[in-house]
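Listed below are the residues making up each chain.
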There are 2 protein chains.
Amino acid sequence: MARLTQQPRPLPNHVYYFDDKGADGNKDMKDILGGKGANLAEMCALGMPVPPGYTISSEVCSYYSHHNGRFPESLRDEMVVAIERMEKALGKEFGSIHNPLLVSVRSGARVSMPGMMDTVLNLGLNDETVEGLAKRSGNERFAWDSYRRFVQMFSDVVLEIGPDPGEHINPFSLALRKLKKRRKVANAIDLEVVDLKALVKSFKAIVLRRTGKDFPDKPADQLWAAIGAVFGSWNNDRAIAYREMHNIPSEWGTAVTVMAMVFGNMGEDSGTGVAFTRDPANGERRFYGEFLMNAQGEDVVAGIRTPEQIEKLEKLAPKAYKKLLRIQKKLERHYRDMQDLEFTIENGRLFMLQCRNGKRTGFASVRIAVDMVRERLITKQEALMRIDPEGLNQLLQPVFDPKDIEAAKKSGKLLTKGLNAGPGAASGMVCFHAVDAVALKAKGHDVILCREETSPEDIRGMQASKGILTARGGMTSHAALVARQMGKVCVAGAGECLIDYKKATMTVNGQVIREGDKISLNGTTGEVLMSALRTSPSAVLRHLFGPGRKKANDTVLAYEKLMSWADDYRTLGVRTNADQPDQCKTAIAFGAEGVGLTRTEHMFFEGRKIDAVREMILAADQEGRKKALRKLLPLQRKDFEGIFRAMEDRPVTIRTLDPPLHEFLPHEPKQMRKLAKDLGITAKALGAKIASLQEFNPMLGHRGCRLGITYPEITRMQARALFEAACKVAKETGIMPRPEIMIPLISTAKELELQAAIVHEVAAEVFTKKRFSVPYLVGTMIELPRAALTAGEIAQTAEFFSFGTNDLTQTTYGISRDDGGSFVPEYIDKEIMPNDPFATLDGSGVGRLMEIACADGRRTRRGMKLGICGEHGGDPASIQICQDLGLDYVSCSPYRVPIARLAAAQAAIARSL
Amino acid sequence: MARLTQQPRPLPNHVYYFDDKGADGNKDMKDILGGKGANLAEMCALGMPVPPGYTISSEVCSYYSHHNGRFPESLRDEMVVAIERMEKALGKEFGSIHNPLLVSVRSGARVSMPGMMDTVLNLGLNDETVEGLAKRSGNERFAWDSYRRFVQMFSDVVLEIGPDPGEHINPFSLALRKLKKRRKVANAIDLEVVDLKALVKSFKAIVLRRTGKDFPDKPADQLWAAIGAVFGSWNNDRAIAYREMHNIPSEWGTAVTVMAMVFGNMGEDSGTGVAFTRDPANGERRFYGEFLMNAQGEDVVAGIRTPEQIEKLEKLAPKAYKKLLRIQKKLERHYRDMQDLEFTIENGRLFMLQCRNGKRTGFASVRIAVDMVRERLITKQEALMRIDPEGLNQLLQPVFDPKDIEAAKKSGKLLTKGLNAGPGAASGMVCFHAVDAVALKAKGHDVILCREETSPEDIRGMQASKGILTARGGMTSHAALVARQMGKVCVAGAGECLIDYKKATMTVNGQVIREGDKISLNGTTGEVLMSALRTSPSAVLRHLFGPGRKKANDTVLAYEKLMSWADDYRTLGVRTNADQPDQCKTAIAFGAEGVGLTRTEHMFFEGRKIDAVREMILAADQEGRKKALRKLLPLQRKDFEGIFRAMEDRPVTIRTLDPPLHEFLPHEPKQMRKLAKDLGITAKALGAKIASLQEFNPMLGHRGCRLGITYPEITRMQARALFEAACKVAKETGIMPRPEIMIPLISTAKELELQAAIVHEVAAEVFTKKRFSVPYLVGTMIELPRAALTAGEIAQTAEFFSFGTNDLTQTTYGISRDDGGSFVPEYIDKEIMPNDPFATLDGSGVGRLMEIACADGRRTRRGMKLGICGEHGGDPASIQICQDLGLDYVSCSPYRVPIARLAAAQAAIARSL
């Protein structure tokens, strides 16, 4: 098996020049120039004051990494030409001892990517050129300060000289700190020239000691080394980690921009700053930014001096400020989006160093988009496409004050980080058992339920808690699923939490948390904090549920407008997964058009129901089961009544019993003894029965419709409860409920036939007895590969399909979501999977099965209703797949309904493009 | 949803008449006349002496069961006509008190079906017609004996009067027995007429007492009741059970044949018998049968009198015998198959009552088929198509003497029955632990290993045992899979066996079996017997492996001939699943052309290997793992050497490590303590590590290539061992091994890329070092739906696919084979599944995925090699699917290789038809 190395293909231009007369590139060339390079070219084309420079294309990055750190041959010549043009434009010379051209070297990928080497400033300085700079600027301190900065920065980021053993900061910072202390000055700016010179000397000595080589003196060597370092940094650990987190392909590579230096540190008429064309925090339409006079960019970032608000610049540099105002307006109009700018003022003259679409909060993104439509800057479609649906979470979930979080972290209160499984903010008392959570809540406490993992037994405790923290389980673990459906804050799979139920303690990295201690969960980031932070409900929620519908603020108004546009454009219906009337009400407020999944088993854990359920499971024969089911019937009927009342005439999909029966049985000795006593059997007999229900692979065991086949009386009871409830509600309210009965875990057409026959039979009985009937449908989950593969046959009975993509993903991939934790993260790391298939639908595997099922199902039953009720129903990327498959609706947890509405609109627009 | 009852469709003729002048039907009308009716019609058409009669079509059976036990209207009229024709043919009259026509009523489905109502004889007798019969026959005793038999039979099978409470036999037999005792006679035939009259009277009294109604006296009423009973019996429990076991659709229904009675009990010149045109036990070409003079058919069956060998008939009824000889020859030539005949001689005159293809043993089926080709009666294809491949088991497996089994059962030694998971016969000492099995074998004992279930830890014990008995698990449980591969006898899932490991006892239905007790397993039937029966190896095996290849007997010669024809006709290759050299040798003797699956993990349990494996699993880091793997390398290399030597230049598919790691760790406290000591860690730490490897759904967990991805050093070691072994064997023997490395549990193309890269890298290293190379392939199992769905992409790396249909069935259906036991049997009962999908490939689900994978795989890689290595590879019905899919080979356990060769030939022939 010969594996040949790829032949290098000839590269076209590698180097793209720009100055304020024009540019080789433009803003649409991000793929090869990176975001930074493309936007610099664009600003040049707009005639804005940008220092001259050039961008080396990202294709050179690929070449570099595939050729063991070598550059393409022609690059050197192209660079020579570009530098000559810069020299000509500025009348300076690279490496000149009289009037040296200094440059910055910056990385710039297609998308902004922290973790990569960022910037080297002042490149081109050495012991000779520094003198030229000093003379030319007439400012020796400035020249040597620039030189000192350069050596320090270059050694840090290009030579990658880290701290000496036993130290926490690199030797350059350490040397600087010591010198400042000795000189008793706070800032480097206050050091004398002689000190700066000494510093440069000592920095170079450090380089020699640490690398065994002299600091490179030749500007050309410096330049090549810096460019190589940028390309190399594309594949450093932090960059790779970031790419994995954000699904950025490693083939993209980064571009490098080499730009002539302008100096914000040339004196009090110089300065540097960053600005946004609108407020990135709340989206308000105002010019917003910060600056420092007599400083370079790094000083603003470093936070040693406190920057000034941008308005103050008007006094300090009126001409530059006026020009900046004009430029920012022009850029926003040109880019038709809020811009993030970097600028430098050199001796009163403004230079633009960067512009890009500005990052913003979820709040701001909604408001800016809606405002820009009003200002006729963008269309409604553009507004809808521009907003990250996940960002809406910020508008919906309870929040901490960011300052409080910052403060808590600074004082070492950050305990650990888990998966951000249920967004929002919660704080309260730690407790370890569901019953305790209920009891504490009854006493008026806010509770955080902490468990190894949760199970259906914990439902009431979860309901009683503000937030849920688990040590095990992923984004679709039981805790995560239920929490999202309840709209609870959840941090899942925080593996550093070692819970000891007996001692009622949780140890996190050596710190012991006891029952009753207060902690805070940031479900949006996955952070767990050892303090009780204050939370407040989101503005949207206060508006929707506040007393008398509180007066809406600007964000809420923008949100409502945006949602109405989303509803205009989307073609997918949006339903909710809800098991209780209050969840239904929340979902309707959020815009749900029906229920896509009611899990009847969740109802079974409430109050007296669990006793009857257990009696049924442990019954010796059918007669015993029927007796227990007769007790359950009125309770279950009441559950359904509540849901029908809440949903009115919206469709309600109700799934018959699904989980394996042992999930309903107690597993703790105390509870087992109690149950045995209640049932009048020995604890041993009960234990044996529970053990007999254990399975090797419960996910592939006796559950779903397999229960309804073995115990048809269960399906019968559920159908009876459902139809009796529907008739009652219809008669009492005059509004006709629309139940859709869904049979889970179908693998053969015959299973569905048998279960559907029971449902139809019970319906006929109830309708005859009540002399009343309600319209209803019987359909099935498609959640096993075989169901998808035989969908044509199943559709002969099924009146609708709902894709249960959680289970379908498990069986298609052969991965249990409870066990995948031991390798799925590594799979994503190694790019074996593009992302977690339980979070985003796997288009080529699971999606292909869905495609088969949709086509075959609709071939049998023309126009049959198709939906999805797996967790993917609330995931924007998956919603796009659902749109492409031609589904009728998606269904998701109540708090994700607005996200799904927006994502559905985006999917419809994307498909129409 | 309106569910209409089906409209009755008009039936054509319901009644098909026959007599020795000709018939309305013929042998090809089995679908509506049943086997019996069709063959009677055929014999009539051939001019053979058949009593006149008629057959009611099986379509009436469907009508009857869909119309609540009513008959189609026109049936009565058609019956009247048919009976008139019978009356005319015989000059008798149905219900006449002078010369009554008596009839038999028999069921007859398309295929013979025990469990249904079979026969009522002498129908038409009552207190009046009996007198006519007595007069006409001049034999009052005969007439009343016939009447007595009729009332008894009718009451039993039509009126279904069973034993009275507390009794074990029905009241009629009881009354007869009492009377015989009183009269001190052994047989009913010796009773006086007066006794027979009294018996009839008492029988009728019993009927009145038990049913509240008089025994039906009118012949017409008797006839309708009997016909109804036959149709009704189609749906009795036994018949349904039989159909399920043999996959007979319930729609088929049964026909009913009404035929004039002829009497073998009319005196010493009368008689009745059954015969075969060849010996059904060994296939020898000789007329073979038994008869009784002065008897009715039931006497032959009842076994009260011992029948005579058919040759004796020549003396007792020379004319009839001569005629019978002529007829049997003619019938065999006509049907071109061995026939099973029933005949009656009435006053010296021969009547044929039935003929059908005779049931035969596996031995006989092979010999008859081969002989008939030699006799130019059938073609080779026909010979091949005619043999049930499963029947070959009889020729291959060790056997008990059937008489020994019978005797053991009669003396109450049958303990229980489980699944016939590994065919053959074994007896030996009971032991409960693998280590004990090894120890006992070392002492020269034959051992039966009895376990709740087996695990890979038990492999050596299984190897040391003659047979394996498990209380849990199905046909594809670990015990069953391994046993078949080893060619061991296995009875699996014998749920009545309650094993107490602590006490070292097994309780079966109250009987306690202790360690050291002797039991016998009949792996062909699933029977477990409480005695040590003698076993002998099969003739084929004695021939293949006997010292100096023992002289073959006729069966063996026929077997070898048949197999050579099979090889001529089949297009599918046949490989074997084998982990050890001796298994390879057996498989080659049985005709295997290569290895389709070597499970490397089975090797890991031998001797010192398991210690190194455990050390590797429990290593704290990669370095520790590498150290342990270095110990494993030479051991694993030796394993591969043995296999390559055994297989010579045949392809050998070797699968890299597959099972979850915790399977290799001990779970019994004693072993855990020992291991902890060996590794120098605490038992608690070891326990924690073992617990951390536990999974909720291990089948969907961290196993297969996922291990090789997480621990690439394992794949590396296995590849190294393999290539080093291949080079060594090639150099030493001059024969080039052909390894095919197979990566398990692939779900994404990238997984395979990464694993294949390791294999290629190691191959290059080894080949360079050894200055030698062997050809090899790298391919993958297709055993997850996603692999099948993305096969086109996977085929870019995979050089072959092998379908792992065990796992593929599990994930496609969402059924764990370890847990399916709680509902799969019921599913087959309820016809939700046509059969156990783990035994026979599910064509529409799993088969469709395979079809996708074959098409997409070969689209990417033209002509790529496709095989199957799941248990289905040895199942004839599944082999047909493999043929239709265009696979290149099937692979199965060594003892199934001949079965697969024959089934492959049948599949090729069937496809060419």
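Residues numbered from 1 in each chain as written. Chains lettered and ligands numbered in written order. Predicted model: local features only at pLDDT ≥ 70, side-chain atom pairs only at ≥ 80, totals over all residues. Heavy atoms only, no water.

Caption draft 1: Broad picture of the side chain of Ser878 of chain A. Structurally, the position occupied by Ser878 of chain A is in helix H36 (residues 876-885). When near neighbours in sequence (up to four residues on either side) are disregarded, Ser878 of chain A contacts Ala839, Thr840, Leu841 and His872 of chain A. (Helix = DSSP H or I, 4+ residues; strand = E, 2+ residues; numbered from the N terminus. Contact = heavy atoms within 4.5 Å.)

Caption draft 2: Representation of the state of the cysteines. Residue and element names in this part refer to chain A. Here the structure, examined in full by the defined rule, presents zero disulfides over all chains. The structure places no disulfide on Cys431, whose sulfur is separated from the nearest cysteine sulfur, that of Cys450, by 7.2 Å. Note on Cys431: relative accessible area 0%, which makes it buried. (Disulfide = S-S within 2.5 Å. Buried < 20%, exposed > 50% of the residue type's maximum accessible area, 1.4 Å probe, protein only.)

Caption draft 3: Geometry of the sheet that holds strand E19 (residues 497-500) of chain A. Residue and element names in this part refer to chain A. One open sheet accounts for three strands, arranged E19-E20-E21; its pairing is antiparallel. Across the chains shown, the open sheet's two edge strands, defined by having one partner strand only, are E19 and strand E21 (511-514). The sheet shows a mean angle of 25° between the axes of neighbouring strands, direction not considered. In the sheet, strand E20 (residues 505-508) pairs with E21 via four bridges, with the strands oriented antiparallel. The residue of E21 that forms the bridge with Thr507 is Val512. (Pairing = 2+ DSSP bridges. Axes fitted to C-alpha atoms, helices over the stretch in contact; angles between N-to-C directions.)

Caption draft 4: Structural detail: the relation of the copies chain B and chain A. Superposing chain B onto chain A takes a rotation of 180° plus a shift of 0.2 Å along the axis, which leaves an RMSD of 0.3 Å. What we have between these two chains is a two-fold relation. Relative to the rotation axis, the C-alpha of Asn697 of chain B is the closest in chain B, positioned 2.1 Å from it. (Least-squares fit on C-alpha atoms with pLDDT ≥ 70 in both.)

Caption draft 5: Up close: the pattern of salt bridges. All names here are of chain B. Evaluation of the coordinates by the stated rule reveals 111 salt bridges over all chains. Salt-bridge contacts for Arg286 lead to Asp279; the nearest nitrogen and oxygen are separated by 3.1 Å. Residue class for Asp279 comes out buried when judged on its relative accessible area of 5%. A salt bridge links Asp884 to Arg911, with the shortest nitrogen-to-oxygen separation between them at 3.0 Å. With Asp884 in helix H36 (residues 876-885) and Arg911 in helix H37 (residues 897-912), this residue pair connects regions lying 27 residues apart in the sequence. (Salt bridge = Lys/Arg side-chain N within 4 Å of Asp/Glu carboxyl O.)

Caption draft 6: Geometry of the sheet that holds strand E8 (residues 288-293) of chain B. All names here are of chain B. The antiparallel open sheet is built from five strands, whose spatial order is E9-E8-E7-E10-E11. Unpaired on one side and paired on the other, strand E9 (308-309) and strand E11 (349-357) mark the two borders of the sheet. With two bridges connecting them, E8 and E9 associate as antiparallel partners. Bridge assignment links Glu290 to a residue of E9, and that residue is Gln309. Against the sheet, helix H12 (residues 318-335) makes contact with strand E10 (339-346) and E11, and its axis sits at roughly 25° relative to E11, the strand it touches most.

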